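Topology and contacts: notes
Single-letter residue listing:
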Amino acid sequence: MEPDLHELLKSLRVWDPQVTDLPAFDPAAAPAAPLPLFATWFAEAVAAGQPEPHTMSLATSDEMGLPDVRTVMLHGAEADCWSFATHATSRKGRQLATRPYAALGFYWHVQGRQIRVRGPVTTAPPAESLADLHARSTGALAAALTGRQSEPLDSLEDLARASEASWARAQEDPQAPSPTWTLYRLRPDEVEFFQGDERRRHVRLRYVSSGEGWARQLLWP
């Protein structure tokens, strides 16, 4: 018997107090720029046991302007950019080549927090992309060496053979290059911090770049 999706949805509750601790957030005490607050929230998410806090949604659009979204890993965050990586030949890589603008979304449910970032995207120099790849695990290198991301796959057997060959190469040559592997940098125009509230009085603080600094603005939930 198939599960009743609607009944399952009705049975679920957001931010169950038995498993969720909603901290207070005073936007008046927030720093002048978004990165320090992001770093603080990230560290607090790790300390609170948030699974995989470095994963995020990456939204892009194709040449027709149609949206696309997937989950990727944050590779770094600095004052002027948030970084992630993929193959330039992948679907998201092709979309970013056509429309170099994207949005990121973090959701840390253990504390009822979201962070949204959006802005133009540029590519890092090839040497930095290669360094980013080689700083990752053997499995990540093997996956990159397998390549052909987003291309049609005839069978799982084909994937297994290609993956085994890539694992062998990654183990034999940890510095093996993957020419299409690209480090992308999103320069934020806007960064929004969302703190959930049990009474739905959610606190939303948006930072907007002026080019010379950041303006802060509260938003209705």
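Structure's up top.
Now for a quick tour of the structure. Every chain's residues receive numbers from 1 upward, in the order its sequence appears when written. Under the rules for a predicted model, residues below a pLDDT of 70 receive no local features and side-chain atom pairs below 80 are neither given nor counted, while totals for whole chains, interfaces and linings still include all residues. The side-chain values count all of the structure's non-hydrogen atoms but skip hydrogen atoms and water molecules.

**Some words on the side chain of Gln195**
Strands here are runs of E lasting at least two residues and helices are runs of H or I lasting at least four, both read from the DSSP assignment and numbered beginning at the N terminus. With respect to the secondary-structure elements, Gln195 resides in strand S8 (residues 190–195). Here a polar contact is recorded for every N or O atom pair within 3.5 Å, except that within protein the pair must consist of a potential hydrogen donor and a potential acceptor, and residues adjacent in sequence are included only if both atoms are side-chain atoms. At a separation of 3.0 Å, a polar atom in the side chain of Gln195 contacts the main-chain carbonyl oxygen of Gln111. Between two residues, a contact is recorded if the distance between any of their heavy atoms is within 4.5 Å. Once residues within four sequence positions are removed from consideration, Gln195 is found in contact with Leu22, Pro23, Phe25, Trp41, Gln111, Gly112, Arg113, His202 and Val203.

**A word on a nonpolar patch on the surface**
Nonpolar side chains (Val, Leu, Ile, Met, Phe, Trp, Tyr) are joined into patches within 5 Å and like charges within 9 Å, using only residues with over 30% relative accessible area and no salt bridge. Accessible surface area values rest on a Shrake-Rupley calculation with a 1.4 Å probe, where residue burial reflects the displayed protein chains alone. A pair is scored as a salt bridge if a Lys or Arg side-chain nitrogen falls within 4 Å of a carboxyl oxygen belonging to Asp or Glu. On the surface, Leu5, Leu9 and Leu12 cluster together into a nonpolar patch covering about 320 Å² of accessible area. Tracing the backbone shows Leu12 in the loop between helix H1 (5–11) and helix H2 (34–47).

**Structural notes on the packing of helix H5 (residues 138–146) against helix H6 (residues 156–172)**
Only C-alpha atoms enter the line fits that serve as axes; for helices the fit covers just the stretch in contact. Angles between N-to-C directions range over 0 to 180 degrees. Taken N-terminus to C-terminus, the directions of H5 and H6 make an angle of 125°; their axes are 8 Å apart at the nearest point. By the angle between their axes, H5 is oblique relative to H6. Where H5 crosses over H6, the two elements pack in a sense that is right-handed. Across the interface between the two elements, Thr138, Gly139, Leu141, Ala142, Leu145 and Thr146 of H5 pack against Ala162, Ser163, Ser166, Trp167, Arg169, Ala170 and Gln171 of H6. In this classification, the charged set is Asp, Glu, Lys and Arg, the nonpolar set is Ala, Val, Leu, Ile, Met, Phe, Trp, Tyr, Cys and Pro, and all remaining amino acids, among them Gly, are polar. Looking at the contact of H5 with H6 residue by residue, the classes come out as six nonpolar, six polar and one charged. An angle counts as roughly parallel when it lies under 35 degrees, as roughly antiparallel when it exceeds 145, as roughly perpendicular when it falls between 65 and 115, and as oblique in every other case. Helix crossings are classified by the rotation of the near helix relative to the far one: an anticlockwise turn of less than a right angle makes the crossing left-handed, while a clockwise turn makes it right-handed.

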